[in-house]
Amino acid sequence: MLLQRYTLMLLGVCMKYLKNEEDAKDSVQQIFLKVIVEIEKYKVDYFKSWLYMVAKNHCLMRLREMHGKIPAELHDSIQAAADEPTLQSKVANEHLFGLMQEALSELNKEQQQCITLFYLEKRSYQDIAQKTGFSLMQVKSYIQNGKRNLKTQLEDAYRKSLEG
Amino acid sequence: MNKDLLNILSNSNKDINNQKLMDYVSGRLSPEEAHEVEKLMADNQFTNDAVEGLQNIKPGKDLELLADQLNRDLQKKLAEKKRRKEKRKLKEEPWILFAVALVLVLIVVAYLFLKKFPNL
């Protein structure tokens, strides 16, 4: 069954949010059953993204039941997961390359350093942490935020080029 | 360099192999292999959350066993559900039972009739 290919990943997602192994295991079972019921009702085009959304929503509901509220950071990440346009198809690669270099130079120093080490020098998180003295969590967040900033800057530049 | 710079914009939705995922979590990958997994993490929030969550599980736990157990439980639940559904179907459609009973009664009546009047 296709669903079972993602069991381990679902367990991981539930562990991340619920932070308790028994809760996480129960939740994976409940998500399985929910997916089996829901998939018959809707036309699902992107199974993996949809599965992630179902899993995350389930964990948020469990958290709300347990604590009565949702931590703010979770709201943010749900929105961030929703927008995934492919910029590469919009702008010709040559032009994009110039814009990328410019955008990269405008990132703050930490993000620029981590993005360069990660994407251009292909270092692992661990390597980058050792080299820069940042913690693993910092490295990860500099890379993810840097990547998001690069995208935003490029989208702005693209919009401007359309207007101008 | 050109290609690498543009790769930053990719949003790969590529699946990560379960063995790679477990090896990464337990720190058994080379720096190059770890970088490949991390690239998938940076591209895809599902993969990133999965790795962060699995890192919260006590070290030394057999992740493969945990996943297998969850899969087995799912199969068991599905089989049970199917059985219940079939049982409910009989309850919802009592005419099936009625028809079966009627046929049985007819067979018995015919048998008795033939026994009583063997010359017919």
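Residues numbered from 1 in each chain as written. Chains lettered and ligands numbered in written order. Predicted model: local features only at pLDDT ≥ 70, side-chain atom pairs only at ≥ 80, totals over all residues. Heavy atoms only, no water.

Caption draft 1: Layout of the overall build of chain A. The helix and strand inventory of chain A stands at eight helices and zero strands. Walking chain A from its N terminus toward its C terminus, one meets helices and strands in the order α-α-α-α-α-α-α-α. Long-range contacts, defined as pairs at least 24 residues apart, comprise 53% of the intrachain contacts of chain A with a sequence gap of at least 6. When the accessible surface of chain A is summed, it comes to about 9100 Å², and 50% of that surface belongs to carbon and sulfur atoms. (Helix = DSSP H or I, 4+ residues; strand = E, 2+ residues; numbered from the N terminus. Contact = heavy atoms within 4.5 Å. Areas by Shrake-Rupley, 256 points an atom, 1.4 Å probe, with all protein chains shown as cover.)

Caption draft 2: Examining the confidence of the model for chain A more closely. Residue and element names in this part refer to chain A. For chain A, the mean per-residue pLDDT works out to 84, and 83% of the residues sit at or above 70. The least confident element of chain A is helix α4 (residues 72-82), whose mean pLDDT is 47; the most confident is helix α1 (residues 7-18), at 96. Note that pLDDT drops below 50 for residues 75-85; the model gives that stretch 12 contacts with residues more than four away or on any other chain. (pLDDT = per-residue confidence, 0-100.)

Caption draft 3: Focus on the packing of aromatic side chains. For the structure on display, the rule yields eight aromatic pairs over all chains. For the ring pair Phe118(A) and Tyr119(A), a centre distance of 4.9 Å and an interplane angle of 85° mean the geometry is edge-to-face. Residue classification places Phe118(A) among the buried positions, given a relative accessible area of 0%. Ring centres 5.2 Å apart and planes at 55° place the aromatic pair Phe113(B) and Phe117(B) in the tilted group. Among the aromatic residues, those joined into a cluster by ring pairs are Tyr6(A), Phe47(A), Trp50(A), Tyr52(A) and Phe46(B). (Phe/Tyr/Trp six-rings, centres within 6.5 Å; stacked < 30°, edge-to-face > 60°. Buried < 20%, exposed > 50% of the residue type's maximum accessible area, 1.4 Å probe, protein only.)

Caption draft 4: Just the interface of chain B and chain A, in detail. Between chain B and chain A, the residue contacts involve 50 residues of the former and 56 residues of the latter. Approximately 5100 Å² of surface area, both sides summed, lies buried where chain B meets chain A, with 63% of it carried by carbon and sulfur atoms. Along the contact surface separating chain B from chain A lie eight salt bridges. For Glu21(A), the salt bridge is made with Lys61(B), and the minimal N-O distance between the two is 2.8 Å. In this structure, the connection of chain B to chain A is made through 20 residue pairs in polar contact (both at pLDDT 80 or more). Taken together, the elements giving at least two residues each to the side of chain B that touches chain A come down to α1 (2-7), α2 (18-25), α3 (31-43), α4 (45-54) and α5 (63-92) of chain B. (Buried area = accessible area lost by both parts, 1.4 Å probe. Salt bridge = Lys/Arg side-chain N within 4 Å of Asp/Glu carboxyl O. Polar contact = N/O pair within 3.5 Å; in protein donor to acceptor, adjacent residues only side chain to side chain.)

Caption draft 5: The arrangement of the domain arrangement of chain B in detail. All names here are of chain B. For chain B, the assigned domains read domain 1 (3-89) and domain 2 (90-120). Computed over C-alpha atoms, the centres of domain 1 and domain 2 are 58 Å apart. With four residues of domain 1 at the contact, the number on the domain 2 side is four residues. When domain 1 packs against domain 2, the two sides together hide about 340 Å² of surface, and 39% of this comes from carbon and sulfur. The largest contributions to the domain 1 side of the interface with domain 2 come from Lys 87, Arg 88 and Lys 89, which together make up 94% of the buried area. Tallied by class, the residues present in the side of domain 1 that touches domain 2 amount to no nonpolar, no polar and four charged. (Domains from an automatic or database assignment. Nonpolar A, V, L, I, M, F, W, Y, C, P; charged D, E, K, R; others polar.)

Caption draft 6: A look at the side chain of Lys25(A). Positionally, Lys25(A) belongs in helix α2 (residues 21-41). If we skip the residues at most four places from it in the chain, Lys25(A) touches Leu11(A), Leu66(B) and Leu70(B).

Caption draft 7: Main features of the environment of Lys140(A). Turning to its location among the elements, Lys140(A) is positioned in helix α8 (residues 136-163). Expressed as a C-alpha distance, the spacing of Lys140(A) and Asn20(A), which sit 120 residues apart in the sequence, is 23 Å. In this view, Lys140(A) contacts Tyr125(A), Met41(B), Asn48(B) and Glu52(B); residues no more than four positions away in its chain are not counted. Of note is the side chain of Lys140(A), whose polar atom sits 2.9 Å from the side chain of Glu52(B).

Caption draft 8: The environment of Glu110(A), seen in detail. All names here are of chain A. Secondary-structure assignment places Glu 110 in helix α6 (residues 109-120). With 33 residues separating them along the chain, Glu 110 and Ile 143 place their C-alpha atoms 9.0 Å apart. In this view, Glu 110 contacts Phe 134 and Tyr 142; residues no more than four positions away in its chain are not counted.

Caption draft 9: A look at the pattern of salt bridges. With the rule as written, the count across this model stands at 16 salt bridges over all chains. The residue Arg62(A) makes a salt bridge to Asp23(A) at a minimum N-O spacing of 3.5 Å. Here Asp23(A) lies in helix α2 and Arg62(A) lies in helix α3 (residues 47-67), a separation of 39 residues in the sequence. Given the relative accessible area of 18%, Asp23(A) is considered buried. Residues Glu52(B) and Lys140(A) are paired through a salt bridge, measuring 2.9 Å at the closest nitrogen-oxygen approach.

Caption draft 10: Molecular detail of a nonpolar patch on the surface. On the surface, a nonpolar cluster with roughly 490 Å² of combined accessible area is contributed by Trp95(B), Phe98(B), Leu102(B) and Leu106(B). Tracing the backbone through its elements, the reader meets Phe98(B) in helix α6 (residues 94-116). (Patch = residues over 30% accessible without salt bridge, like charges linked within 9 Å, V, L, I, M, F, W, Y side chains within 5 Å.)

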